[in-house]
Amino acid sequence: MRLLFACVVIISGLFRRSNAPDADQAGGGAASSQGHFVDRDAGGTDVIATDVDVDVKNQDPYLRMEFESDAAARAFYNAYASRLGFGIRVARSRSERRKGVEVLVMKRFVCLKEGHHKKKATDLSARKKRKRLSIRDGCPAMMEVVRRAPDRWVVTKLVLDHTHVVVSPDKVREIQLRRLSGKYREHENYLKEMRLRMFGDGDAQVLLDYFKKMQAENPGFFYAIQVDGRNCMANAVWVDAKARISYTYFGDAVTFDTSYKQNENMTMPFAAFTGVNHHGQPVVFGCALVVDKTESSFTWLFETWLTAMFRRHPISLTTDQGKAIGAAVAKVFPQTHHRLCRWRILSRCKKKLSDLYSRFPTLHEELKKCVNECDGIEMFEIYWRSVIDKYDLRENAWLQSLYSMRNKWVPAYLTGSFFAELSTTRKLESINRFYRSHFSTEVHFQTFIAKFDQEMDSRYAEEAQMDNTVVPPEQILKTDTVMEKQAVNIYTRAAFEISKKSWLNPFTTIRHVLGVFFLAGVILLPDHCVSRRWTKKAKIGPEPDGRDDENESYCQSSPILRYNDLVRDAMKCAEKGAVSADAFKVAKDMLRKAFAEIASFEEKLAKSGQHQVKNT
């Protein structure tokens, strides 16, 4: 773990780095302790895996049998039905409002042949339709479970007899596949509609034209398109050269920003890989269109983006909640600390707890304070329990689910990794602000991407301006200590300003550290306590953490990788050379000299007869 500048570092552990892997991964949907996961299709029907505990999978159901969730109950009944040879579905469910929140309290699972087909009133003038046979014949077989406690569901009604001959397990599987095929068609229709919204009648050709244009203008531009079985676009990833360069400096902490879902006018499924530069400003490391939101698609997306970034894994990755995203992160970034975005979670609380918030106006602020301002785990646990008890929320399912995964999103549990946050209480500007500022109606891809590129150019210009802005130290110094004078000359103003608040607060851990330095006679910050990531020289010199050597070794494996690496270095040279006329002249002379040396080297090899192309 690298120590950072003592005045900036220790604030809630925000500046501490750790490469330790996190074994926990995010998961969406309901899950029991045995690992039963539940997805829901568009119609709200549960689709449940048939894996059941070995201890119970061969049992028959009986009255007062208990399960820890409705999902576990259906998984059991589904396995029982498969063994006997009949299909099942959910016939009824009931919810009750408890303490301002809708809570599921009953589910009834029945045989597929339960009930009778209801005839609809027919219009004699309408065209005759082909009659369809109904499989329902009034079979009474069913199992009903009722919630008695948060983790206790009890079988209260049970009928085991059928009015028909049960079919073979193969036939049951056929019925299930038929239902899944309907879900597949629904998914295909969704993808088709989404592509139409984005591109109009031109389909994805406008996207491909944009990519070709960008690559022609900028050799360092990277893009990839994923297609489905019908050769239609499913997802896309693109990264410009400036983003790839920024990632080499600030790619230690990455956020996969899907905040487009918060804007009702942003129907385009646009996502961005973002981070924070040394000025505390948001930077973009790449973009994506996520049309198909399956686990395999997210896996492809993350793998492709990682390839564009020379397979350099970030220290931390922050994403939205979701089973598909969580599973993909676990596969592609096994050594990266995966965090769930707490701002999105707190935002969802407004919807999930709307009745409670209207009844208890102070609840929202108390929850935010509990999450954002508790420095340690013990303090958080005490504060959380006090809020839950104060408002009698122990039975609230939503808050229970948030608490069960607190180690994935509450800052008090995440001090062992690095997330490039200057403050845990201040929300970093997201791409969603760009959506709100520019789009009040739905737009096609051409309009969106033109404005987005303009936004990125303005951000790069703003970063360059900050790099070249000089503020007299005496304007921002608060003490006359040698160490503070040293710090103001080393760190960017954003990092230093955050440190000042702790520097002047005698009750923070940082005053203790400074006290130790004072007693030990240390008047200057030791070099090993300075993290270049937050300094004015963050983009000067070799890459952090010795990654230049790693990259050189990695790029020996193929000509394409060597080409990409040289383009990246050339872009870094161009970035610095464009700052001023003098810098331009220096960069131009060095590039010409390097090219001349390479040409001379090739000529010598050709003359000596030793020139050969090596492909490894």
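By the naming in an unreviewed UniProt entry, the protein is Protein FAR1-RELATED SEQUENCE, taken from Ananas comosus var. bracteatus. In its Subcellular location (unreviewed entry) section, the UniProt record describing the protein reads: "Nucleus". What UniProt states about the protein under its Function (unreviewed entry) heading is, verbatim, "Putative transcription activator involved in regulating light control of development."

(A) Layout of the overall build of the protein. In terms of helices and strands, the protein carries 20 helices and 14 strands. Across the 616 residues that make up the protein, the buried fraction comes to 44%. Taking the contacts inside the protein whose residues are at least 6 apart along the sequence as the reference set, 65% of them involve residues at least 24 apart.

(B) Fine view of the pattern of salt bridges. For the coordinates displayed, the defined rule picks out 25 salt bridges. The salt bridge partner of Arg89 is Glu114, with a shortest N-O separation of 2.6 Å. Within this pair, whereas Arg89 is found in strand E4 (residues 88–98), its partner Glu114 is found in the loop between strand E5 (101–111) and strand E6 (142–149), the two being separated by 25 residues in sequence. For Arg89, a relative accessible area of 15% corresponds to the buried category. Taking relative accessible area as the criterion, Glu114 reaches 24% and is therefore assigned partly exposed. Close ionic contact of Asp467 with Lys539 constitutes a salt bridge, the shortest N to O distance being 2.9 Å. In this pair, Asp467 sits in helix H14 (residues 445–468) while Lys539 sits in the loop between helix H17 (509–519) and helix H18 (547–554), placing the two residues 72 residues apart along the sequence. The class of Asp467 is partly exposed, set by a relative accessible area of 30%. Because the salt bridges share partners, they merge into one network encompassing Arg97, Glu102 and Asp355.

(C) The arrangement of the sheet that holds strand E7 (residues 152–159) in detail. Here we have five strands laid out as an open sheet, ordered E3-E7-E6-E5-E4, and antiparallel in their pairing. Among the strands making up the open sheet, the edge pair consists of strand E3 (66–67) and E4. In this sheet, E6 lies alongside E5 in antiparallel orientation, the contact comprising five bridges. Its bridge partner lying in E6, Arg108 is registered against Glu144. Taken strand by strand, helix H2 (residues 70–84) contacts E3, E4, E5, E6 and E7, and its axis lies near 5° from that of E5.

(D) Representation of the pairing of strand E10 (residues 253–257) in the model. Of all five residues that make up E10, four are buried, and the element is covered over most of its length. Of the strand pairs in this sheet, E10 and strand E13 (residues 316–319) are connected by three bridges, and their pairing is parallel. Bridged to Thr255 within E13 is Thr318. For E10 and strand E11 (residues 270–276), the ladder comprises three bridges, and the chain directions are antiparallel. Paired with Thr255 across the bridge in E11 is Thr274.

(E) A look at the sheet that holds E10. Taken together, the seven strands give an open sheet; going across it, the order is E8-E9-E12-E11-E10-E13-E14, and neighbouring strands pair in mixed fashion. Across the chains shown, the open sheet's two edge strands, defined by having one partner strand only, are strand E8 (222–227) and strand E14 (337–340). The sheet shows a mean angle of 20° between the axes of neighbouring strands, taken without regard to direction. Relative to strand E12 (residues 282–290), strand E9 (residues 233–239) runs antiparallel, the two being bridged by four bridges. Opposite Ala236, over in E12, you have Leu289 as the bridge partner.

(F) Fine view of the environment of Tyr563. One can find Tyr563 in helix H19 (residues 559–577). Taking the relative accessible area as the measure of exposure, Tyr563 reaches 47% and is therefore partly exposed. Taking the C-alpha atoms as reference points, Tyr563 and Gly220, separated by 343 residues in sequence, lie 9.7 Å from one another.

(G) Region of the structure containing the packing of helix H6 (residues 295–308) against helix H7 (residues 323–332). Running from N to C, H6 and H7 cross one another at 40°; their axes reach a closest spacing of 8 Å. For the element pair H6 / H7, the angle class is oblique. The handedness of the crossing between H6 and H7 is right-handed. Where H6 approaches H7, its residues Glu295, Phe298, Thr299, Phe302, Glu303 and Leu306 are matched on the opposing element by Ala324, Ile325, Ala327, Ala328, Val329, Lys331 and Val332. Among the residues making up the contact of H6 with H7, the classes are represented as nine nonpolar, one polar and three charged.

(H) Just the packing of aromatic side chains, in detail. Applying the stated rule across the entire model yields 30 aromatic pairs. Relative to Trp305, the ring of Phe273 has its centre 4.3 Å away and its plane inclined at 10°; by these criteria the two rings are stacked. A residue pair is termed long-range when its members are at least 10 positions apart, and Phe273 in strand E11 and Trp305 in helix H6 qualify at 32 residues. Here the two residues Phe273 and Trp305 agree in accessibility, since each one is buried. Centre to centre, the rings of Phe360 and Tyr391 are 5.0 Å apart; their planes meet at 55°, and the pair counts as tilted. Within this pair, whereas Phe360 is found in the loop between helix H9 (354–359) and helix H10 (363–373), its partner Tyr391 is found in the loop between helix H11 (377–390) and helix H12 (397–404), the two being separated by 31 residues in sequence. A relative accessible area of 23% places Phe360 in the partly exposed class. When the ring centre of Tyr403 is taken as reference, the NZ or CZ atom of Arg406 above it lies at 3.8 Å. Positioned above the aromatic ring of Trp534, the side-chain terminus of Arg533 is 4.6 Å from the ring centre.

Rules of the game
- Residues numbered from 1 in each chain as written.
- Predicted model: local features only at pLDDT ≥ 70, side-chain atom pairs only at ≥ 80, totals over all residues.
- Heavy atoms only, no water.
- UniProt positions renumbered as here; feature names shortened; annotations may be inferred.
- Helix = DSSP H or I, 4+ residues; strand = E, 2+ residues; numbered from the N terminus.
- Buried < 20%, exposed > 50% of the residue type's maximum accessible area, 1.4 Å probe, protein only.
- Contact = heavy atoms within 4.5 Å.
- Salt bridge = Lys/Arg side-chain N within 4 Å of Asp/Glu carboxyl O.
- Pairing = 2+ DSSP bridges.
- Axes fitted to C-alpha atoms, helices over the stretch in contact; angles between N-to-C directions.
- Parallel < 35°, antiparallel > 145°, perpendicular 65-115°, else oblique.
- Left-handed = near helix turned anticlockwise from the far one by under 90°.
- Nonpolar A, V, L, I, M, F, W, Y, C, P; charged D, E, K, R; others polar.
- Phe/Tyr/Trp six-rings, centres within 6.5 Å; stacked < 30°, edge-to-face > 60°.
- Lys NZ or Arg CZ within 6 Å of the ring centre and 35° of its normal.

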